[in-house]
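Here's the letter readout for the chains.
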Amino acid sequence: MALLRFDSSLDPIDAMLSLQNELARFMRNPSFGSGLSGVGAYPPVNIFESDEGAMVIIEAPGLDPSKLNITGQGRTLTIAGERSFSPNGHGRGYHRRELNEGSFSRSIQLPEDYDVNRAEARYEAGMLQIKVPRSEHARPRQIAVQTV
Amino acid sequence: MADETKEMTPKEKQEVAKPQEQTRPGRYFVPDVNIYEFDESLKLWADMPGVREKDVEVTLKDGVLTIHGRVATEMYNGLRPIYTEYNVGNYYREFALHESIDESKIRATMRNGVLELELPKREEAKPRRIEVRAA
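Residues numbered from 1 in each chain as written. Chains lettered and ligands numbered in written order. Predicted model: local features only at pLDDT ≥ 70, side-chain atom pairs only at ≥ 80, totals over all residues. Heavy atoms only, no water.

> Break down the packing of aromatic side chains for me, citing the residues and quoting the values.
How two aromatic rings sit relative to each other is set out by the distance from centre to centre and by the angle between their planes. Applying the stated criterion to the full structure yields seven aromatic pairs over all chains. A ring pair is formed by A:Y42 and A:F104, whose centres lie 5.5 Å apart and whose planes are at 65°; its orientation type is edge-to-face. Within this pair, whereas A:Y42 is found in the loop between α1 (12-25) and β1 (45-49), its partner A:F104 is found in strand β6 (residues 102-109), the two being separated by 62 residues in sequence. Each member of the pair A:Y42 and A:F104 is classed as buried. Counting every residue linked through ring pairs, the aromatic cluster contains A:F85, A:Y94, B:Y36 and B:W45. The residue whose ring lies beneath B:K13 is B:F29, and the NZ or CZ to ring-centre distance is 4.4 Å. Seen from the ring of B:F38, B:K43 lies directly overhead, with NZ or CZ sitting 5.0 Å from the centre. (Phe/Tyr/Trp six-rings, centres within 6.5 Å; stacked < 30°, edge-to-face > 60°. Helix = DSSP H or I, 4+ residues; strand = E, 2+ residues; numbered from the N terminus. Buried < 20%, exposed > 50% of the residue type's maximum accessible area, 1.4 Å probe, protein only. Lys NZ or Arg CZ within 6 Å of the ring centre and 35° of its normal.)

> Could you give an account of the side chain of B:E85, naming the residues involved and the relevant values?
All names here are of chain B. Its place among the elements puts E85 in the loop between β6 (80-83) and β7 (90-96). A residue is classified by how much of its surface remains accessible, and E85, at 6% relative accessible area, is buried. Within the structure, the side chain of E85 is placed 2.8 Å from the side chain of Y83, a separation counted as a polar contact. (Polar contact = N/O pair within 3.5 Å; in protein donor to acceptor, adjacent residues only side chain to side chain.)

> Just give me the short version of the nonpolar core, but keep the residues and values in it.
If you look at the biggest cluster of nonpolar residues, it comprises 25 residues, and the most contacted ones within it are A:I47, A:V56, A:I58, A:I108, A:I130 and A:V132. Mapped onto this core, the elements with two or more residues apiece are β1, β2 (53-59), β4 (76-83), β6 and β8 (127-133) of chain A together with β6 of chain B. Residue contacts for A:I130: discarding those within four places in its chain leaves A:A54, A:M55, A:V56, A:I58, A:I70, A:L77, A:I79, A:A119, A:E120 and A:A121. Ranked by size, the runner-up nonpolar core spans 21 residues in total, among them B:L60, B:L97, B:L117 and B:L119. (Core = buried A, V, L, I, M, F, W, Y, C linked by side-chain atoms within 4.5 Å. Contact = heavy atoms within 4.5 Å.)

> Which residues make up the interface of chain A and chain B, and what values go with them?
Listed per partner, the contact involves 69 residues of chain A and 57 residues of chain B. Both sides of the chain A and chain B interface together cover about 6100 Å² of buried area, and 57% of this is carbon and sulfur. Where chain A touches chain B, the interface holds eight salt bridges. The salt bridge involving B:R80 is made with A:E49; its shortest N-O contact spans 4.0 Å. (Buried area = accessible area lost by both parts, 1.4 Å probe. Salt bridge = Lys/Arg side-chain N within 4 Å of Asp/Glu carboxyl O.)

> Outline the sheet that holds strand β7 (residues 120-124) of chain A, supporting the account with residue identities and numerical values.
Read across the sheet, five strands follow the order β7(A)-β8(A)-β2(A)-β1(A)-β6(B) without closing on themselves; strand pairing throughout is antiparallel. Across the chains shown, the open sheet's two edge strands, defined by having one partner strand only, are β7 of chain A together with β6 of chain B. For this sheet the average axis-to-axis angle between neighbouring strands, irrespective of direction, equals 25°. (Pairing = 2+ DSSP bridges. Axes fitted to C-alpha atoms, helices over the stretch in contact; angles between N-to-C directions.)

> Give a detailed account of α1(A), specifying residues and quantitative values.
Compared with an ideal rise of 1.5 Å per residue, which puts 14 residues at 20 Å, α1(A) spans 20 Å between its outermost C-alpha atoms and is within 8% of the ideal. Taken together, the buried positions of α1(A) are A:A15, A:M16, A:L19, A:Q20, A:E22 and A:L23. End-on view of α1(A): buried residues confined to an arc of 165°, all on one side of the axis. Residues of α1(A) that are exposed and point over 90 degrees away from its buried face: A:N21 and A:R25. Buried-residue contacts for α1(A) involve β1 of chain A together with β5 (64-71), β6 and β7 of chain B. (Expected span 1.5 Å × (residues − 1). Arc of directions from axis to C-beta.)

> Go over the pairing of β1(A) with me, naming the residues and quoting the values.
Both faces of the sheet carry side chains from a regular strand, because those side chains alternate between them. The buried fraction of β1(A) amounts to four of the five residues, a majority that puts the element mostly inside the structure. As paired strands, β1(A) and β2(A) are joined by five bridges and run antiparallel to one another. Within β2(A), the residue paired with A:E49 across the bridge is A:A54. Turn length for the β1(A)-β2(A) hairpin, with the two strands adjacent in sequence and antiparallel, is three residues. Pairing of β1(A) with β6(B) involves three bridges; the strand directions are antiparallel. Following the sheet pairing, A:I47 is matched in β6(B) by B:Y83.

> Could you give an account of unusual backbone geometry, naming the residues involved and the relevant values?
Here the residue pair A:Y42 and A:P43 is connected by a cis peptide bond, since its omega of -5° sits within 30 degrees of zero. In this structure, A:R28 takes a positive phi of about 45° despite not being glycine. Turning to its location among the elements, A:R28 is positioned in the loop between α1 and β1. A relative accessible area of 36% means that A:R28 is categorised as partly exposed. One non-glycine residue, B:N112, lies in positive phi territory at about 50°.

Pasting the structure below:
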């Protein structure tokens, strides 16, 4: 089976369509063995693999990065944070109020092949990206063949 | 304030039913918004995670405000999904504005995936205090 991989160098429309199809294919993938606290809880989590390790991409706009707390313990990543909305100025009321507010905490248990202690996180454009490298012992190794 | 933070609950992202009669490929999502009214302006906040400042288009034409955000996809390069809970796509939403807005003074900024729009009212649309004189 060919491993499909997203490649943004494709035509932008093809790239978007192939990404959307790939994400739809793995929606709540039951064969993903890792433990996720509160499936269907906030924030929604997507988990990917690459040659280097795992990548967790969380959609959570409008967070205060200083109140974002990511901890790794054993195989478990925990992400906690909060979002508050308070417009300045003298308001005359609102027409729409749909934005999510409050606090959250979610844990993701990764397979043993990943080293949570070396995880790196970055928050950009409302997307939290956490890169978890593969553990040393799980990396593929070239095995030299000795001739006798 | 912070003591009574409620727990956040997820919302299923809503797909745009039919963005006009346009040939837009792929899934489009409806951004959640807050719209507040002030004496001098309307302010709108729209959640568009994954959209950078340069990829937002805001237009106001014939009283219809249109928001269009293109989501960045390079972060997915070389990644294979193993488990997903949400899909991604561009954002699109239209609003009919009843207030008279001064288009030349609209200001838009993106911060942490949230579009902030300030829509200043035209002079004639601002509330005015009318003095009541005693007879």
